[in-house]
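Now for the letters of each chain:
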Amino acid sequence: MDFPKFLLGDNTDYPDAIFVIHTEFPRFIINLENDEVEWLEEFDKSEEKELLEEAENLFQAANDFYDREIERYDQ
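Residues numbered from 1 in each chain as written. Predicted model: local features only at pLDDT ≥ 70, side-chain atom pairs only at ≥ 80, totals over all residues. Heavy atoms only, no water.

Chemist: Whenever I open this one, a negative patch on the surface confuses me. Can you help?
Modeler: Side chains of D44, E47, E50, E53 and E54 sit close together on the surface and give a patch of like negative charge. Its location among the elements puts E50 in helix α1 (residues 45–74). (Patch = residues over 30% accessible without salt bridge, like charges linked within 9 Å, V, L, I, M, F, W, Y side chains within 5 Å. Areas by Shrake-Rupley, 256 points an atom, 1.4 Å probe, with all protein chains shown as cover. Salt bridge = Lys/Arg side-chain N within 4 Å of Asp/Glu carboxyl O. Lys, Arg positive; Asp, Glu negative; His and termini not counted. Charge placed at Lys NZ, Arg CZ, Asp CG, Glu CD. Helix = DSSP H or I, 4+ residues; strand = E, 2+ residues; numbered from the N terminus.)

Written as structure tokens, this is what we have:
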């Protein structure tokens, strides 16, 4: 199955949370309410530096995706 790069997640157990799921490597879920991230991949130490460099770009892309989706709902 082919998924979009980002998905929005919602759960009534977390009424204030706004989850964005990144479905491509490196997969993660970010809660935009508090910027908490759960990685869905395991990394070795050798990948850690590269991951940290890319993480900021990925988190910004997740925020941009959310903003775009909200704008579309408002239309």
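Chemist: Looking at this structure, how should I read the sheet that holds strand β1 (residues 6–9)?
Modeler: One key point about sheets: their strands pair by backbone hydrogen bonds, in either a parallel or an antiparallel sense. Judged by pairing direction, the sheet is antiparallel, and its 4 strands sit side by side in the order β1-β2-β3-β4 without closing on themselves. Edge positions in the sheet fall to β1 and β4 (36–39), since each of these pairs with one other strand and no more. Ignoring strand direction, the axes of neighbouring strands in this sheet form an average angle of 20°. Of the pairings in the sheet, the one linking strand β2 (residues 19–22) to strand β3 (residues 28–31) comprises 4 bridges and is antiparallel in character. Bridged to F19 within β3 is N31. The strands touched by α1 within the sheet are β1, β2, β3 and β4, with β1 carrying the most contacts at an inclination of about 65°. (Pairing = 2+ DSSP bridges. Axes fitted to C-alpha atoms, helices over the stretch in contact; angles between N-to-C directions. Contact = heavy atoms within 4.5 Å.)

Chemist: When you look at the nonpolar core in this model, what are you seeing that I'm missing?
Modeler: Across soluble globular proteins, nonpolar side chains have a tendency to be buried as a group. Within the largest apolar cluster, 8 residues are counted, these being F6, V20, F28, I30, L32, L58, A62 and F65. Elements represented by at least two residues in this core include exactly β3 and α1. Element by element, the count of residues in this core is highest for α1, at 3 residues. Sequence-distant contacts of V20, defined by excluding residues within four places in its chain, comprise F6, L7, L8, F28, I29, I30, L32, A62, F65 and Y66. (Core = buried A, V, L, I, M, F, W, Y, C linked by side-chain atoms within 4.5 Å. Buried < 20%, exposed > 50% of the residue type's maximum accessible area, 1.4 Å probe, protein only.)

Chemist: Just to check I follow, could you spell out the pattern of salt bridges for this structure?
Modeler: Oppositely charged side chains are able to pair whenever their charged atoms sit close together. Inspection of the entire model under this criterion finds 3 salt bridges. For R72, the salt bridge identified is with E69, shortest N-O distance 3.8 Å. Taken as a pair, R72 and E69 lie in helix α1 at a separation of 3 residues, close to a single helical turn. The class of E69 is buried, set by a relative accessible area of 16%. A cluster of three or more residues bridged by salt bridges with shared partners is formed by R68, E69 and R72.

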